[in-house]
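Here is what each chain is made of, one letter per residue.
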Amino acid sequence: DQQVKQNSPSLSVQEGRISILNCDYTNSMFDYFLWYKKYPAEGPTFLISISSIKDKNEDGRFTVFLNKSAKHLSLHIVPSQPGDSAVYFCAAHSTGNTPLVFGKGTRLSVIA
Amino acid sequence: DAGVIQSPRHEVTEMGQEVTLRCKPISGHNSLFWYRQTMMRGLELLIYFNNNVPIDDSGMPEDRFSAKMPNASFSTLKIQPSEPRDSAVYFCASSLSGGNEKLFFGSGTQLSVL
């Protein structure tokens, strides 16, 4: 059973517009959330994270929003650039020495 | 630092053959993870180690899969015998600890079992 769900396998956005990637989770014990970005033929790389005590974290063009009551988080990229085209994985973690649980990923295509 | 190093980058083998994937974690990292990426299941955790000790191998799909970490700088994932459904990209990752430290991934091994 998928504890972290990314229901959109793909997303296409025009350059300069906002990209919104969504993620839902089922485990209420998750308290730390991360987004990873993956280019073809490379491993995923860390992008941005958020703790459950916050509802927003911003890093340049990237902002992650967390809605704990809805068990939902989203990644906003604005403005989107062609170099942002990649697969984005949402991941979650619960307190203690437990490993990350990943979603299936969303492939973002930013069209020039 | 060179990052997490995996070998080989690509492996093509025939069904029934033994496959060994290798990983060198980042020096100083205490936790090592093996993930498998497929279209159907995304990134799924196979096994992870803390201080060279296997902590959770519940994600290993079958007894055909085994993993070892003989020292802090080397780990292997072995599949014997391999089957076509094992075809996937296998990633190794390491972190400073097993907690919410961010993971650093290798470039992966693309495995094709014919």
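Quick summary incoming for the structure in this document. (Residues numbered from 1 in each chain as written. Chains lettered and ligands numbered in written order. Predicted model: local features only at pLDDT ≥ 70, side-chain atom pairs only at ≥ 80, totals over all residues. Heavy atoms only, no water.)

## Section: empty space enclosed by the protein
Residues and elements named next belong to chain B.
Part 1 of the argument: Taken as a whole and assessed by the stated rule, the structure comprises one cavity of 30 Å³ or more.
Part 2 of the argument: In this structure, the largest cavity encloses a volume near 30 Å³.
Part 3 of the argument: In terms of lining residues, the largest cavity is bounded by Ser66, Ala67, Lys68, Thr76, Leu77 and Lys78.
Part 4 of the argument: The set of elements that each furnish at least two residues to the lining of the largest cavity consists of strand E7 (65–71) and strand E8 (74–79).
Part 5 of the argument: Partitioned by chemical class, the residues of the lining of the largest cavity number two nonpolar, two polar and two charged. (1 Å grid on protein atoms, 1.4 Å probe; cavity = no way out; pocket = protein on both sides within 12 Å on 5 of 7 lines; lining within 4 Å. Points joined across faces, edges and corners; volume = space filled by probe spheres on them. Helix = DSSP H or I, 4+ residues; strand = E, 2+ residues; numbered from the N terminus. Nonpolar A, V, L, I, M, F, W, Y, C, P; charged D, E, K, R; others polar.)

## Brief notes about the interface of chain A and chain B
Part 1 of the argument: Each partner contributes to the interface: chain A provides 20 residues, whereas chain B provides 20 residues.
Part 2 of the argument: Summed over the shared surface of chain A and chain B, the result is zero salt bridges.
Part 3 of the argument: At the boundary of chain A and chain B, one finds four residue pairs in polar contact (both at pLDDT 80 or more).
Part 4 of the argument: For the side of chain A that touches chain B, the secondary structure elements donating two or more residues are strand E4 (30–38) and strand E9 (86–94) of chain A.
Part 5 of the argument: A total of four residues in the side of chain A that touches chain B trace back to one element, the largest contributor, which is E4(A).
Part 6 of the argument: Class assignment for the residues of the side of chain A that touches chain B results in ten nonpolar, seven polar and three charged. (Contact = heavy atoms within 4.5 Å. Salt bridge = Lys/Arg side-chain N within 4 Å of Asp/Glu carboxyl O. Polar contact = N/O pair within 3.5 Å; in protein donor to acceptor, adjacent residues only side chain to side chain.)

## With respect to the environment of Leu21(A)
Residue and element names in this part refer to chain A.
Part 1 of the argument: Along the polypeptide, Leu21 turns up in strand E3 (residues 19–25).
Part 2 of the argument: You can call Leu21 buried: its relative accessible area is 1%.
Part 3 of the argument: When the C-alpha positions of Leu21 and Cys90 are compared, they lie 9.1 Å apart, and in sequence the two are 69 residues distant.
Part 4 of the argument: Residue contacts for Leu21: discarding those within four places in its chain leaves Leu11, Trp35, Leu73, Ser74, Leu75, Ile77, Tyr88 and Thr106. (Buried < 20%, exposed > 50% of the residue type's maximum accessible area, 1.4 Å probe, protein only.)

## Here's the deal with the state of the cysteines
Part 1 of the argument: Scanning all chains against the criterion turns up two disulfides over all chains.
Part 2 of the argument: The side chain of Cys23(A) participates in a disulfide bridge whose partner is Cys90(A); the two sulfur atoms lie 2.0 Å from each other. Across the S-S bond linking Cys23(A) and Cys90(A), the dihedral sits near -75°, which makes this disulfide left-handed. Here Cys23(A) is found in strand E3, whereas its partner Cys90(A) is found in strand E9, with 67 residues between them in sequence.
Part 3 of the argument: What makes Cys23(A) buried here is its relative accessible area of 0%.
Part 4 of the argument: For Cys90(A), a relative accessible area of 1% translates into the label buried.
Part 5 of the argument: Disulfide partner of Cys23(B): Cys92(B), at an S-S distance of 1.9 Å. (Disulfide = S-S within 2.5 Å.)

## Things to note about the pattern of salt bridges
Part 1 of the argument: All chains considered together, the criterion is met by eleven salt bridges over all chains.
Part 2 of the argument: The shortest N-O distance in the salt bridge between Lys56(A) and Glu58(A) comes to 4.0 Å.
Part 3 of the argument: For Glu58(A), a relative accessible area of 52% translates into the label exposed.
Part 4 of the argument: Put simply, Glu18(B) and Lys78(B) hold a salt bridge, and the shortest N to O gap is 3.7 Å.

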